[in-house]
Amino acid sequence: MDNEIAKKVTDMFHHRRLNHSGSSLFTAFAATVISLIVFTTILVSNLSVRDFSAKVVTIEIKTVVPYLPLSSEKELSEGKNYSMKQHHNITIKEDNNDNLQVIELFGGKDVSDKFQQRATEFLRDDCEVNFMMTWISPAELFDSPQGFRILKPFLDRGYRVMAVTPDLPFLLKDTAGESWLEEIQTGKRDPGKIPLAQNLSNLMRLAYLFKFGGVYLDTDMIVLKSFKTLRNVIGAQTLEPVSRKWTRLNNAVLIFDKNHPLLLKCIEEFALTFNGNVWGHNGPYLVSRVARAVEGTDGYNFTIMTPPAFYPVNWVEIEKLFKVPRTEKDSKRVQVKVLEMQKRSYGLHLWNKFSSKFEIEQGSAMDKLVSDQCIICGSVSLS
């Protein structure tokens, strides 16, 4: 398993043939120290990948966010019970046991003491920006001599980086997420067909920001401009063509003060309307529902930034940045898009689910972006 993990990490740094550059991923930051905390989920080999090869699994993917009231408010008014029916077939039972083992790894006194102490010491006030990411990998991949070699390029450049296993009970204490966690643990709530780790990532980013504040980033984001001036911000992924009003938000970038009421409302919505069978329901669609319901309400002060801020290129078009334009017309379009990003974008979301299969062609727009922004694109040895 260790060799397989090492190979995956090596591939992450190498498979796109990234060129080494002396410039920083966070070039635009004036601070000499930027802190990054990485949440890692501890998954043993038989839990890290859900094998559905022996059965057919259908996961619903919604494409439209309806203009409806918050599901939690609607259901509460009707006095409905949120506990979903538990499935009683062998296949689901086995998956639930796996999910319970995953949950158990995020609790206990050892995890709690270590997380609280390390997080408190790490999140000092001498950094202008604190970043948080979630990585679905064993914690020992980072918290080990092997992991130190992975993180060392950041440390050598003055960034403060730490990988830690999150303590879910601590993060969710005194929120609606606390009861959700108990329902998952006791089998009163169906975790669904989507790997629980994916939905835990959706929840943990909300809970972490509510507890500590800072910037959450998906790992497939390229930082293009300083985040230092951004506060209580979420980005729109799409706009309505005529009115130019936002139609969908995304939770790949979240920038919030601690104890922000929008985060607490999102955790409540997650707990009350959790659906582990619909992709996006507990993530981007959730923040869209909550923001739609509370936007403009007193006490909920936050800014929704237009797509160019974090999602300047959609998942359908992202491949064009990886390829060298074949025609003059395509070349001009890419040049216009790159100039727009340089002026208006804080980051570029790579839509890794789709772009991970693309190689960066030498001379492409992505080749230039990576060369200009990346700090650890040279060799990373794990041997």
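- An unreviewed UniProt entry lists the protein chain under the name Alpha 1,4-glycosyltransferase domain-containing protein, from Cardamine amara subsp. amara.

1. Some words on the overall build of the protein chain
Inference 1: Looking only at helices and strands, one finds 15 helices and 11 strands in the protein chain.
Inference 2: Counting the 383 residues in the protein chain, one finds 51% classified as buried.
Inference 3: A total accessible area of about 19,100 Å² is found for the protein chain, and carbon and sulfur atoms account for 52% of it.

2. With respect to unusual backbone geometry
Inference 1: Even without glycine at this site, N232 takes up a positive phi of about 55°.
Inference 2: Locating N232 in the fold gives a position in the loop between β6 (221-223) and β7 (233-239).
Inference 3: Assessed through its relative accessible area of 10%, N232 is described here as buried.
Inference 4: Positive phi, close to 65°, is recorded for N259, a residue that is not glycine.
Inference 5: Within the secondary structure, N259 sits in the loop between β8 (246-256) and α10 (261-273).

3. Some thoughts on helix α8 (residues 177-186)
Inference 1: Among all positions in α8, only G177, W180, L181, E183 and I184 are buried. With its buried residues spanning 160° around the axis, α8 presents them on a single face.
Inference 2: Following α8 by one or two positions, G187 adopts a phi angle in the positive range, close to 80°.

4. Some words on the packing of helix α9 (residues 196-212) against α10
Inference 1: Their axes nearest at 9 Å, the elements α9 and α10 cross at an angle of 150°. In terms of their interaxial angle, α9 and α10 are classed as roughly antiparallel. Crossing of α9 against α10: the hand is left-handed. Facing α9, whose interface residues are N199, N202, L203, L206, A207, L209 and F210, α10 presents L263, L264, C266, I267 and F270.
Inference 2: Considered class by class, the residues forming the contact of α9 with α10 number 10 nonpolar, 2 polar and no charged.

5. Quick word on the packing of aromatic side chains
Inference 1: On inspection of all chains with the given rule, the structure shows 16 aromatic pairs.
Inference 2: Centroid distance W315 to F354: 4.6 Å. Interplanar angle 20°. Geometry classified as stacked. Of this pair, W315 sits in the loop between β10 (303-305) and α12 (319-322) while F354 sits in helix α14 (residues 352-355), and the two are 39 residues apart along the sequence.
Inference 3: When its relative accessible area of 41% is taken as the criterion, W315 is described as partly exposed.
Inference 4: On the accessibility criterion, F354 (30% relative accessible area) is partly exposed.
Inference 5: Among the aromatic residues, ring-to-ring pairing joins F131, F227, F310, Y311, Y346 and W351 into one connected group.
Inference 6: Sitting above the plane of the Y346 ring, K225 keeps its charged end 5.3 Å from the centroid.

6. Some details on helix α11 (residues 284-294)
Count 3.6 residues to each turn of an α-helix, and residues three or four apart come out pointing the same way.
Inference 1: Among the 11 residues of α11, 9 are classified as buried, and the element is accordingly described as predominantly covered.
Inference 2: Those residues of α11 that fall on the buried side of the exposure criterion are P284, Y285, L286, V287, S288, R289, V290, A291 and V294.
Inference 3: Residue G296 follows α11 closely and has a positive phi angle near 85°.

7. As for the pattern of salt bridges
Inference 1: If you walk through the whole model with that rule in mind, you get 14 salt bridges.
Inference 2: Of the charged contacts, one joins E361 and R326 as a salt bridge, the two residues approaching to 3.2 Å between their closest N and O atoms. Taken together, the positions of E361 in the loop between α14 and α15 (365-373) and R326 in the loop between α12 and α13 (328-344) put the pair 35 residues apart, joining distant regions of the chain.
Inference 3: Look at R326 and you get exposed, because its relative accessible area is 61%.
Inference 4: A single salt-bridge network, built from bridges that share partners, covers K323, R326 and E361.

8. Some thoughts on the confidence of the model for the protein chain
Inference 1: In the predicted model, the protein chain carries a mean pLDDT of 76, and the fraction of residues at 70 or more is 68%.
Inference 2: No element of the protein chain has a lower mean pLDDT than helix α2 (residues 45-48), at 24, and none a higher one than α10, at 98.
Inference 3: Counted against residues more than four places away or in other chains, residues 1-33, with its pLDDT under 50, gives 79 contacts.
Inference 4: Every residue in residues 379-383 is under pLDDT 50, and counting partners more than four places away or in other chains gives 11 contacts.

9. Thoughts on the environment of N352
Inference 1: Mapped onto the fold, N352 is located in helix α14.
Inference 2: Between the C-alpha atom of N352 and that of W315, which follows or precedes it by 37 residues, the distance is 8.8 Å.

10. Topic: the nonpolar core
Inference 1: Judged by nonpolar contacts, the single largest core of 48 residues is most densely connected at L217, F227, F310, L321, L348 and M366.
Inference 2: Take this core: its biggest share by element is 4 residues, from α15.
Inference 3: What M366 contacts, discounting residues up to four positions off in sequence, is I222, L321, F322, L348, L350 and I360.
Inference 4: In terms of nonpolar packing, the next biggest core, distinct from the first, is built from 46 residues, F122, L200, L249 and V290 among them.

Conventions used here
Residues numbered from 1 in each chain as written. Predicted model: local features only at pLDDT ≥ 70, side-chain atom pairs only at ≥ 80, totals over all residues. Heavy atoms only, no water. Helix = DSSP H or I, 4+ residues; strand = E, 2+ residues; numbered from the N terminus. Buried < 20%, exposed > 50% of the residue type's maximum accessible area, 1.4 Å probe, protein only. Areas by Shrake-Rupley, 256 points an atom, 1.4 Å probe, with all protein chains shown as cover. Arc of directions from axis to C-beta. Axes fitted to C-alpha atoms, helices over the stretch in contact; angles between N-to-C directions. Parallel < 35°, antiparallel > 145°, perpendicular 65-115°, else oblique. Left-handed = near helix turned anticlockwise from the far one by under 90°. Contact = heavy atoms within 4.5 Å. Nonpolar A, V, L, I, M, F, W, Y, C, P; charged D, E, K, R; others polar. Phe/Tyr/Trp six-rings, centres within 6.5 Å; stacked < 30°, edge-to-face > 60°. Lys NZ or Arg CZ within 6 Å of the ring centre and 35° of its normal. Salt bridge = Lys/Arg side-chain N within 4 Å of Asp/Glu carboxyl O. pLDDT = per-residue confidence, 0-100. Core = buried A, V, L, I, M, F, W, Y, C linked by side-chain atoms within 4.5 Å.

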